[in-house]
Amino acid sequence: MTTNSSLLRKADLAIADLQADGGELSPEQGAAFIRKLIKQPTLIRQCRVVEMLAPKRKINKIGFGKRILRKATSGVALTPEQRAKPTTEQIQLITEEQIAEVRLPYDVLEDNIERATAANNEATNTGPGGLRQTIIDLIAERAALDLEELALMADTAYTNAADADDEAYLSQLDGWLKLAGENGHVVDAASDTISKAVFKNGLKAMPSQYQRNKPAMSHFVSVNQETEYRDTLADRGTGLGDTMVQGTGPVYAFGSPVQGVALMPEEVGLFTNPLNLIFGIQRQVSMEFDKDITARVYIIVLTTRVAYQVEEADALVKYENIAT
């Protein structure tokens with residue numbers, strides 16, 4: 001009589017035979033790579049984009065910064081000191097060139113799970129997709145994020161003794177945080193946690209003429225700081241408190257949305273209309289393709305020429321020393 005234990009032994013023998021003879025199924029594999037998620041740019045999508053035809057561009061501003069009306073006296077002209085004239089200013093954009101290069105060996109493109117013909121000698125080198133197209137898409141995503149990093153973190157005084165490439169990249173020009181600290185209004189949070197009091201001080205630092213359209217302005221902070229602010233509102237025993245915990249809608253402070261920016265440092269933030277932040281482009285982000293038939297590699301080169309500026313520094317507030 002066959003027992004359960006003898007059946008199990010036979011099953012074990014059958015499985016062992018399959019493993020020994022190569023009959024066991026290989027681990028299941030997907031037909032495409034799972035793309036690693038990266039941070040997404042926020043400010044680059046909302047700022048004012050200025051197309052440039054030359055490496056330098058000047059933007060002229062004009063206006064009356066103080067009262068021009070005087071009490072009139074019959075038959076008496078205003079003195080030269082009483083006459084009004086507009087003030088003029090210029091801001092200047094100067095582009096810097098950026099480049100990225102990726103090389104893909106033929107065999108890498110031929111021997112992967114998104115395989116497509118690689119060395120097919122197509123004239124324009126834009127033939128079959130597969131892994132090559134996946135990598136092209138990833139290059140574009142990463143480049144957008146890197147341009148936002150430069151927009152925020154660039155500082156001509158930046159140094160990094162441990163990484164010369166990092167120092168060279170971030171010290172090319174001054175980004176929005178540096179420009180805000182030098183020319184805008186600075187609100188020192190004095191190591192306090194983020195709260196409505198911090199945002200109230202930001203509004204009080206902003207001249208009132210720039211607060212005409214508060215919904216168009218935003219408080220830009222780090223993603224974690226936006227979460228912390230939501231948490232302060234969630235403590236309320238009201239419908240708003242429940243919404244902050246359970247909902248995903250925007251959160252506001254004094255009429256302006258609070259937005260989390262992936263690359264914003266934890267201890268700082270900006271308050272402005274995003275259109276006040278200028279992103280100048282002389283050469284649109286472009287990709288060029290080539291191949292080295294001796295080395296048997298495809299070459300992808302991305303280049304662009306960009307600049308960053310602030311249109312009206314008086315309409316920009318920088319938060320500093322927020323508790324992390």
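Up top you'll find the structure we're talking about.
A short tour of the structure in this document, coming up. (Residues numbered from 1 in each chain as written. Predicted model: local features only at pLDDT ≥ 70, side-chain atom pairs only at ≥ 80, totals over all residues. Heavy atoms only, no water.)

## Observations regarding the side chain of Q259
With respect to the secondary-structure elements, Q259 resides in strand β8 (residues 256–261). In terms of polar contacts, Q259 uses its side chain to reach the side chain of S218, at 2.9 Å. For Q259, the residues in contact, after removing those within four places along its chain, are T42, Q46, S218, H219, F220, V221 and E226. (Helix = DSSP H or I, 4+ residues; strand = E, 2+ residues; numbered from the N terminus. Polar contact = N/O pair within 3.5 Å; in protein donor to acceptor, adjacent residues only side chain to side chain. Contact = heavy atoms within 4.5 Å.)

## A look at unusual backbone geometry
Backbone geometry at S191 places phi at a positive 65°, although glycine is not the residue there. Structurally, S191 is set in the loop between β5 (185–188) and α6 (196–205). Look at R296: it is not a glycine, yet its phi comes out positive at around 60°.

## Examining the sheet that holds strand β12 (residues 317–320)
Within a beta sheet, neighbouring strands are joined by backbone hydrogen bonds and run either parallel or antiparallel to one another. Reading across the sheet, the 6 strands line up as β5-β12-β9-β6-β8-β7 and stay open at both edges, with mixed pairing between neighbours. Looking along the sheet, the strands with just one partner apiece sit at the ends: β5 and β7 (251–253). Strand-to-strand twist of the sheet, defined as the mean angle between neighbouring strand axes without regard to direction, takes the value 30°. As judged from the 3 bridges shared by strand β9 (residues 269–272) and β12, these two strands associate in the antiparallel manner. In the strand pairing of β12, L270 is matched with K318. (Pairing = 2+ DSSP bridges. Axes fitted to C-alpha atoms, helices over the stretch in contact; angles between N-to-C directions.)

## A word on the environment of A84
On the secondary structure map, A84 appears in the loop between β2 (56–63) and β3 (87–94). Sequence-wise, A84 and R70 are 14 residues apart; in three dimensions their C-alpha atoms are separated by 9.7 Å. Setting aside residues up to four positions removed in sequence, A84 forms contacts with F64 and I68.

## Regarding α6
Within α6 the residues assigned to the buried category are V198, F199, G202 and L203. The buried residues of α6 occupy an angular sector of 140° when projected down its axis, which confines them to one face. (Buried < 20%, exposed > 50% of the residue type's maximum accessible area, 1.4 Å probe, protein only. Arc of directions from axis to C-beta.)

These figures come from the coordinates and say nothing about function on their own.
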